[in-house]
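Structural features, examined
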Amino acid sequence: MFAEENGLHGDPRIKAISDAIRVVPHFPKQGIMFQDITTLLLDPKAFRYTVDIFVDRYRDKNISVVAGVEARGFIFGPAIALAIGAKFVPLRKPRKLPGEVISEAYVLEYGTDCLEMHVGAVQPGESVLIVDDLVATGGTLSAAIRLLERVGAEVVECACVIGLPLVKGNWRLNGVPLYVLVEPRLDDLECSL
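Residue positions are given per chain, counted from 1 along the sequence in the order it is written. In view of the model being predicted, local features appear only for residues whose pLDDT reaches at least 70, and side-chain atom pairs are presented and counted only at 80 or more, with totals across whole chains, interfaces and linings using the full set of residues. Excluding hydrogens and water, the side-chain figures rest on all heavy atoms present in the structure.

Under an unreviewed UniProt entry, the name given to the chain is adenine phosphoribosyltransferase, and the organism recorded is Tagetes erecta. UniProt annotates the chain under Subunit (unreviewed entry) with the comment "Homodimer." UniProt positions are given in the numbering used here, feature names are shortened, and annotations may be inferred rather than shown by experiment. UniProt, in the comment section headed Sequence similarities (unreviewed entry), describes the chain in these words: "Belongs to the purine/pyrimidine phosphoribosyltransferase family."

Encoded structure:
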């Protein structure tokens, strides 16, 4: 669900977050409207709002692990983990982790990819929050859920800063709730077409 549908309607923090995200037309290829969070990171107030909203939501949910999806989940995940007293586990692309790993492959619109994590990083029964910057179709997050569930973890929720309109109304991935702060600004998208 979008944050505005869950008690944050009219919250000025949501507008500040949305306004801080730049839309880059036709990047990395023609037809893609890239949601650039680097401009959000340049705005300390909007960046803090982003982390604070997630922390407020997850502080009392007994989450023991925050799993961040490479690469932008690594930006938000550690800050959330520290604030709620959880450990941070990176979910990496293939061959980026030095130890023994467990892997989960998934299909993309243009091929396949894979997520990996260290064996033993997450224990059976641990409660996990998965964090990424953006959800488009849910394929990467679904792979992250499968990977964590294979080791016996309970995935409590997936949290993303941006949710593309494709996911609106689909607030569950593999049965796991999805929480999104903002949609892309449509005025930027329409002006760039």
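Let us keep going from here.
**Considerations on the layout of surface pockets**
Any residue with an atom within 4 Å of a point lines the site, the site being either a cavity, points on a 1 Å grid over the protein atoms alone where a 1.4 Å probe fits but cannot get out, or a pocket, an open set with protein on both sides within 12 Å along at least 5 of 7 lines. Grid points are joined across faces, edges and corners, and a volume is the space filled by probe spheres set on the points. Taken as a whole, the second largest pocket spans an internal volume of roughly 210 Å³. Lining the second largest pocket are 12 residues, with E4, I14, L181, V182 and E183 sitting closest to its centre. Helix and strand assignments follow DSSP, with helices taken as H or I runs no shorter than four residues and strands as E runs no shorter than two, numbered in order from the N terminus. Elements with a contribution of two residues or more to the lining of the second largest pocket: α1 (12–20) and β10 (176–182). Looking at the lining of the second largest pocket element by element, the count peaks at 3 residues for α1. Here the term charged refers only to Asp, Glu, Lys and Arg, the term nonpolar to Ala, Val, Leu, Ile, Met, Phe, Trp, Tyr, Cys and Pro, and the term polar to all other amino acids, Gly among them. The class makeup of the residues in the lining of the second largest pocket is 4 nonpolar, 2 polar and 6 charged.

**Some words on the environment of V135**
In this fold, V135 is placed in strand β7 (residues 127–135). Throughout, exposure labels follow a simple rule: accessible area from a 1.4 Å probe, protein chains only, divided by the maximum for the residue type, with under 20% read as buried, over 50% as exposed, and the rest as partly exposed. According to the relative accessible area criterion, V135 is buried, its value standing at 2%.

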